[in-house]
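Survey of secondary and tertiary structure
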Amino acid sequence: MSDLESSSIASLPVMGEMAHQTYPSATLYVVATPIGNVTDISLRALHVLSLVNAVACEDTRNTATLMTRFGLHKPLIAAHQHNEREAAEVLIARLQAGERIALVSDAGTPAVSDPGARIVDAVRAAGLRVLPLPGASAAVTALSASGLVNDQFYFVGFLPAKAKQRENFLATLRAVTATMVFYEAPHRILDCASALAAAFEPTRQVVFARELTKMFEEIHRCPLSEAEAWIKADGHREKGEFVVLLEGAPPADDENDVEADRILQVLLAELPVKQAAGLAAQITGRKKNALYDRALQLKN
Ligand code: SAM
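Starting from 1, residues in each chain are numbered consecutively following that chain's sequence as written. Restriction of local features to residues with pLDDT of at least 70 applies here, the model being predicted, together with a cutoff of 80 or more for giving and counting side-chain atom pairs; totals for whole chains, interfaces and linings are based on all residues. Hydrogen atoms and water are omitted, and side-chain values are computed over all heavy atoms in the structure.

As for the packing of helix 2 (residues 13-20) against helix 3 (residues 43-51)
What counts here: The angle between two axes is taken between their N-to-C directions and runs from 0 to 180 degrees, where each axis is a line fitted to C-alpha atoms and a helix contributes only its stretch in contact. Runs of E in the DSSP output that reach at least two residues are strands. Runs of H or I that reach at least four are helices, and both are numbered from the N terminus. Comment on the angle field: the value is read as roughly parallel under 35 degrees, roughly antiparallel over 145, roughly perpendicular from 65 to 115, and oblique elsewhere. Rotating anticlockwise by less than a right angle from the far helix to the near helix defines a left-handed crossing, while the corresponding clockwise rotation defines a right-handed one. Here, two residues are considered to be in contact whenever any of their heavy atoms come within 4.5 Å of each other. Under the grouping applied here, Gly and all other residues not named as nonpolar or charged are polar, the nonpolar ones being Ala, Val, Leu, Ile, Met, Phe, Trp, Tyr, Cys and Pro and the charged ones Asp, Glu, Lys and Arg.
Direction vectors running N to C along helix 2 and helix 3 enclose 50°, while the axes themselves pass 11 Å from each other. With respect to helix 3, the element helix 2 is oriented oblique. When the axes of helix 2 and helix 3 are compared, the crossing they make is right-handed. Residues Val14, Met15 and Met18 of helix 2 touch helix 3, and the partners they reach there are Leu43, Arg44 and His47. Broken down by class, the residue content of the contact of helix 2 with helix 3 amounts to four nonpolar, one polar and one charged.

Structure (C-alpha cells):
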C-alpha cells in the first residue's frame, strides 16, 4: 500500500497548511472543476466549496451531483448565460453582506468558453474581491499532451456553426503563428476537420484531444490532410468532447529568411559576395552586413 493510500486525505500534512491560509469574506471564489475525471478537483477547491455560504453555478443539477460526490451540500444559485446580469446583482448583494460565494461552471474553468465573465466583471466593478482557484482547463490539458512545440497559443474556442461564417473566420487565422486551440461539439467535428483542411496547408499538424481525462480518452496527431479520414475510420470518433489544436503558420521571419536566401542564391550565381549582399539588401530592405554573412555561408 502506498503512503497516500495508507493515510486519509484529511490527515495529509499539507492539509494543516491549507487550514492556516486565509479565505477572506465578501469574496467571490472562481473555482475550476474537473473536465471529466472527478478526482482532478484540487484540495483547495474542495476546502473553499466546503466553507462558502453558497455556490453560483451554470447548472444546479450538475453542480449538486458534483458536490454530493464530495459529501458537500450548499445552497446553489443558478448563474448561466441567460441570467448572468441578474445573477450578478444577487451575488453582489450577498457579497456586500460579507458572504463568501463560489462560482463554478459545469466543467473546467469558469469564464473560459463558459458563463462567468460578466459576473466577475460586475463583482470587480462593485469593488469586491475576486479570488481564482486554478484547475482543469480542456485547452491547457490538450496542449500539454500535444507535443506541438510552440511557446505561444491562440485560444479560439468554438468556431462559428454556419459554414460560410466559419470559412471566413478561418481565413483570418491563416497567418497566425501560434498554435491554435479550438473547442468543438461532437456533431460538428467532421465539418470542423474538413473546414480546417480547406483553409490551411495539408502539411500542418493537427491534434484531436477527445474525452480528456475520461475512460475513452484519445489524443491523435496527424497532418491536416489525414484528419477527416481519421475521424471517419471509427464511428466513436464523432462522439464525446473535443479540443482541436492546429499548428501555426511558419514564423514570418522564417519566410523572410527563405526568400532572402533565394534572392542571395540567384545573385551569387552571377556576382561576387559583396555585390550580391548589397543588391539583396536593396531588394529585401534587410541589413547588408547580415546578408553578407549569410552570403558567405551559402557560398561555402
Ligand atoms: N470551461 C471549460 C474549460 O475550462 O475548458 C470549457 C467549457 S466549453 C462549454 C466545453 C468544451 O470544452 C467542449 O465542447 C470541448 O470542446 C471542451 N472540453 C471540455 N471537456 C473536455 C474533455 N474532457 N475532453 C475534450 N474536450 C473537452
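More follows now that the structure is in view.
Let's talk about the site of the ligand
So the rule is basically this: The nearness test applies per residue and asks whether one of its heavy atoms lies within 4 Å of the molecule or strand. N or O atoms within 3.5 Å of each other form a polar contact, as long as, within protein, one can give a hydrogen and the other can take it, and as long as residues adjacent in sequence are counted only when both atoms are side-chain atoms. In short, Shrake-Rupley with a 1.4 Å probe defines the accessible areas, and a residue's cover is counted only from the protein chains shown.
In the neighbourhood of the ligand, 20 residues make up the surrounding shell, with Thr109, Asp114, Ala138, Tyr183 and Phe242 lying closest. Val112 places a polar main-chain atom, nitrogen or oxygen, 2.9 Å from a nitrogen atom of the ligand. In isolation the ligand offers 580 Å² of accessible surface; the protein chains occlude 91% of this area. Within the residue set of the shell around the ligand, elements represented by two or more residues are strand 7 (179-184) and strand 10 (242-246).

Some points on the pattern of salt bridges
Convention followed: By convention in these notes, a salt bridge is any Lys or Arg side-chain nitrogen within 4 Å of a carboxyl oxygen on Asp or Glu. Here the term buried applies to any residue with accessible area under 20% of the maximum for its type, exposed to any over 50%, and partly exposed to those in between, with areas from a 1.4 Å probe on protein chains only.
The full count for this structure, using the stated rule, is 12 salt bridges. With a closest N to O distance of 3.7 Å, Glu84 and Arg118 form a salt bridge. Remark: Arg118 occurs in helix 6 (residues 117-125) and Glu84 occurs in helix 5 (residues 84-96); sequence separation between them is 34 residues. Under the relative-accessibility criterion, Glu84 is labelled buried at 5%. Overall, the relative accessible area of 43% leaves Arg118 in the partly exposed class. A salt bridge links Glu218 to Arg237; the nearest nitrogen and oxygen atoms lie 3.1 Å apart. On the criterion of sequence distance, the pair formed by Glu218 in strand 9 (residues 218-223) and Arg237 in the loop between helix 10 (227-232) and strand 10 is long-range, its members being 19 residues apart. Using a relative accessible area of 21% as the deciding quantity, one classes Glu218 as partly exposed. Accessibility expressed as a relative area gives 13% for Arg237, which makes it buried.

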